[in-house]
Structures are given as C-alpha cells and as structure tokens.
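# Architecture and fold: a report
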Amino acid sequence: MLQKLPESCLITTKNGYRSMKYTLIINNFYDNVREQLLKLGHFLSENNLKRDDGYAIVFHKYSAENIQALDSITELMPVSHVRYVYSNQYVPEICLDYLTTQDNGSSLYLFIGDIWGNELCARLSVRLKGLCITDITSLCRKSNLFLAKKKICSGHILGSFELTGEPCLVSINKSYDEAASPSHSESVEVSYDRTALSTGYELQFTPVVKEESFTDSPCILVCGLGLSNKEHVLAVENCAGEINLPVAGSRPCVMNAWLPVDRLIGVSGTILKNNLAILLGVSGAPAFYTGVEKCKHIISINTDKDAPITKKSDLAICGDCTEIFTKFSKLVKEEYQHNE
Ligand SMILES: Cc1cc2nc3c(=O)[nH]c(=O)nc-3n(C[C@H](O)[C@H](O)[C@H](O)COP(=O)(O)OP(=O)(O)OC[C@H]3O[C@@H](n4cnc5c(N)ncnc54)[C@H](O)[C@@H]3O)c2cc1C
C-alpha cells in the first residue's frame, strides 16, 4: 500500500537541493490518458520536478475484474507513487470531493489544461483555498514562490506570474510539446482506492446549438469608444440586425459591457478575416488593429481625420459614426427591399 507522505512538503536532500512534494491529477475516463502522461512527464523533466517527489492520483472507471487495463498506464507514469481511484462515471464533484479530503502535503497540483483539467484545477483551488493558474507553459520555484509563464493576449505575449501562497494548482497548456517517446523504466508504487465510488450523481447533458460565428459573415461591424454609450451601440445593433450584419467591438466597448466579452476584437480577442470590416468610432490602436488587419477591406468612420485608423483604411469617412451608419443601414435596407 501507499506510504503516508511526509507532513512537510519541502525536503532537503544530501546535496542541499530543496525538493517539493507535488501531485499530478490524471483523468482516465477519456482516450487521451497516454498523451496526458507524456505531456506531464516532459513538463516535469523540463521544469526540474523530481520523479520521487511526485504522487499521481488517477481517476478511472475500471472495476476489479478488468483492473489490469491500468498496467499500460503504470508503465508510463512519470512519478514514483500512483493511486488509482475508481468511480463508475466521471463527475467533477466526485473527483473534487475525493481530492478535498486527500491532503498529502503537496505544495503543487498539476493538471492537463484540457476542458476537464482546467475545470478541476480552478474548482479545487477554491476548495483548498489555494492559488490557481491555467494553461501554463513553464514553472519554477523561486525562494518561497512559484513563477509560472503562460501565453496571454491570444498567444501574442508570454506573461510571467508570481504565485505567492500554497498550494498552487496549475494546468499545463494542452499544446505543450510532449516528449517523443516515454522512458519511465523505474518502478512505481501503486495503490488502489474505491472510495470515490458514488452512485448519487446524475449526469445531464444539454446539447449545444452551434451559432453561426460572426467571423464567417462576409461583412462585420466593429464598434469603438467613439459610440460613447450603450444606447448608441444598441441602436447600431438594431440597425445591423435588420440587414443581417454581426456586431463586435474594441476593448473599451467590451470593458464597458456595451457588448459581450466574446465579441472583443484584437490581440486579446478575435482576429478577423472577414471580407469587409466597418469600424465605427475606433481609433486604430495597434492592439486593436491586429484584429482587423487580415480583413480584405476596411471602412472606418471617425470624427478625427488624423486618427491612426484613417491611413490604414481602404475608405475613411470623417464624421459622426452613429449618424452615418444609420443612413448607411437605411440605404442598404432599401436596396434589399428593392432586390426582393
Ligand atoms: C496588452 C493590451 C492588450 C490590448 N488588447 C486589445 C484588444 O484586443 N482589442 C482592443 O480593441 N484593444 C486592446 N487594447 C487597448 C488598445 O490599446 C486601445 O486602447 C483600444 O483599442 C482603443 O479602443 P477604441 O479605438 O474603441 O477607443 P479610442 O482609442 O478612445 O478611440 C475612439 C475613437 O473614436 C473617435 N470618435 C469619437 N467620437 C466619435 C463619433 N461620434 N463618431 C466617430 N468617431 C468618433 C475618436 O476620434 C477616436 O479616434 C489592449 C491594450 C493593451 C495594453
């Protein structure tokens, strides 16, 4: 059976290296468990996390009769201790209840940054009152804190985050490169646990109806701070709705909650490739412009003829955007009706 791990999570070895207990959480309910283990193994060696300090908790669905299915996973295990925890179905609550009661003195919990791993990582951090960061690409220990790196602003910037507090719960970016082949020949201490077995949970799935993405439309409207307030953005949305144009916005628009966050255009949001983008009251800051520069044509409407977007547009109209767009949509509507 598994040995009880030491209370203290920092251990000083003979050569003075201060190692740290950490726990890998692995989800074996889906097909990608090999991929998860390869990624985790590579991440551990790249970030100097010692195999002997690691402990893995693997949630799985194999009953006692076909438990040997786990042997092939054990061979790939990048840490020295593994506990297989049975549950008859994958329900995050079951895993969270189990993990909350298993305090093994770890300073660090590692998950794979897929949809399941990110969810468990964030939710467990709340339960353990720890710190959470998802989708990291590297991690190191710096005196009493962790330093994590992750890509931000749609992958354009590599951000460094200092995590001061424990435990730290991190998920590894799912596109983190895995090692070419596994090489874990050392023995692994294995134990089994059936305490996560629960029949009290019912899984309910609601089918998601896929909306047509605004990025697919030939033409898109992008609102900027020049629209001044939510009422003006709503008026633009109403006109746009009548002529079937999707509406998105610059960062100030989204930050002011004039439009939903998933409508943000720019380095921190969506990069558009539509045929035509009509920009209303947008100055054309570089972080925004990155989001529209791949559009085939750009029309901008701005009261300031010297705004940076003017030179970057195929057609720049100088004037009040609400007024001009209202007239424009009226003309388009008339054209529609004429053609019907
Ligand atoms: C790390 C980082 C990431 C960022 N990521 C993004 C991002 O992804 N997307 C993004 O948009 N921004 C982003 N920003 C912010 C960006 O730098 C700009 O601040 C932002 O794009 C400005 O938005 P805007 O053009 O709507 O507003 P403003 O720059 O304030 O421009 C408003 C424009 O409206 C014009 N105007 C005013 N009244 C009218 C009117 N009645 N009619 C017509 N025109 C009018 C003004 O002349 C002005 O040019 C980021 C910034 C940082 C630091």
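Residues numbered from 1 in each chain as written. Predicted model: local features only at pLDDT ≥ 70, side-chain atom pairs only at ≥ 80, totals over all residues. Heavy atoms only, no water.

If you check an unreviewed UniProt entry, the protein chain appears there as Electron transfer flavoprotein subunit alpha/FixB family protein from Blautia obeum.

## Some points on the layout of surface pockets
Spelled out, the test is: Only protein atoms enter the calculation, which uses a 1 Å grid: trapped sets of points that fit a 1.4 Å probe without letting it out are cavities, open sets showing protein on both sides within 12 Å along at least five of seven lines are pockets, and any residue with an atom within 4 Å of a point is a lining residue. Grid points are joined across faces, edges and corners, and a volume is the space filled by probe spheres set on the points. Every helix listed is a DSSP run of H or I at least four residues long, and every strand listed is a run of E at least two residues long, numbered separately from the N terminus. Each residue gets one of three labels, nonpolar for Ala, Val, Leu, Ile, Met, Phe, Trp, Tyr, Cys and Pro, charged for Asp, Glu, Lys and Arg, and polar for the others, Gly among them.
Quantified by volume, the largest pocket comes out at close to 280 Å³. Looking at the largest pocket, it is lined by 20 residues, and the ones nearest its centre are Ser250, Arg251, Pro252, Ala285 and Phe288. Of all the secondary structure elements, the ones that give two or more residues to the lining of the largest pocket are helix H6 (251-255) and helix H7 (286-289). Of the residues belonging to the lining of the largest pocket, the class tally is 10 nonpolar, nine polar and one charged.

## Regarding the site of the ligand
Here is the rule: Here a residue counts as near a molecule or strand whenever at least one of its heavy atoms sits within 4 Å of it. Whenever a nitrogen or oxygen atom comes within 3.5 Å of another N or O atom, the pair is scored as a polar contact, on the condition that within protein one atom can donate a hydrogen and the other can accept it, and that pairs from neighbouring residues in sequence are kept only if both atoms are in side chains. The protein chains shown are the only cover counted for residues, whose accessible areas, like all others here, come from Shrake-Rupley with a 1.4 Å probe. In this scheme, a molecule is assigned to a cavity or pocket if more than half of its atoms are within 2 Å of the grid points.
In the neighbourhood of the ligand, 27 residues make up the surrounding shell, with Leu225, Ser250, Ser268, Ser283 and Asp320 lying closest. Leu225 places a main-chain nitrogen or oxygen 2.8 Å from an oxygen atom of the ligand. Separating a nitrogen atom of the ligand from a backbone N or O atom of Cys321 is a distance of 3.0 Å. Expressed as a share of its isolated accessible area of 980 Å², the protein-covered part of the ligand is 72%. One can see that the ligand is located within the largest pocket. Secondary-structure elements contributing two or more residues to the shell around the ligand are H6, H7 and strand S15 (297-302). Across the shell around the ligand, the residue classes tally to 13 nonpolar, 11 polar and three charged.

## Details of the pattern of salt bridges
Here is the rule: Note on definitions: salt bridges are taken to be side-chain nitrogens of Lys or Arg within 4 Å of carboxyl oxygens of Asp or Glu. Burial status follows relative accessibility: with a 1.4 Å probe on protein chains alone, a residue under 20% of its type maximum counts as buried, one over 50% as exposed, and anything between as partly exposed.
The full count for this structure, using the stated rule, is nine salt bridges. One salt bridge in this structure joins Glu166 and Arg141, with 3.0 Å as the shortest N-O distance. Remark: Arg141 occurs in strand S7 (residues 131-142) and Glu166 occurs in the loop between strand S9 (157-163) and strand S10 (168-173); sequence separation between them is 25 residues. The exposure class assigned to Arg141 is partly exposed, which follows from its relative accessible area of 31%. Linking Glu242 and Lys333 is a salt bridge whose minimum nitrogen-to-oxygen distance equals 3.0 Å.

## Digging into empty space enclosed by the protein
Throughout the structure, instances matching the rule amount to one cavity of 30 Å³ or more. As a volume, the largest cavity reaches approximately 70 Å³. Within the residue set of the lining of the largest cavity, elements represented by two or more residues are strand S3 (22-27), strand S6 (108-113) and helix H4 (115-127). Of the residues that constitute the lining of the largest cavity, the class distribution is seven nonpolar, three polar and one charged.

## A short note on the sheet that holds S3
Test applied: For two strands to be treated as a pair, DSSP must find at least two bridges joining them. The axes used here are C-alpha line fits, helices contributing only the stretch in contact, and every angle between their N-to-C directions lies in the interval 0 to 180 degrees. By definition in these notes, contact holds between two residues if any of their heavy atoms fall within 4.5 Å.
Read from one edge of the open sheet, nine strands run S9-S8-S7-S10-S6-S3-S4-S5-S11, paired in mixed fashion. Two strands bound the open sheet, and with one partner strand each, they are S9 and strand S11 (189-193). Within the sheet, the average angular offset between the axes of one strand and its neighbour, ignoring direction, is 35°. Examined bridge by bridge, strand S8 (residues 145-152) and S9 share seven bridges and lie antiparallel to one another. Paired with Lys151 across the two strands is Leu158, which belongs to S9. Against the sheet, helix H1 (residues 33-46) makes contact with S3, S6, S7 and S10, and its axis sits at roughly 160° relative to S3, the strand it touches most. Helix H3 (residues 92-101) contacts S3, strand S4 (54-60), strand S5 (81-86) and S11 of the sheet and is inclined by roughly 150° relative to S4.

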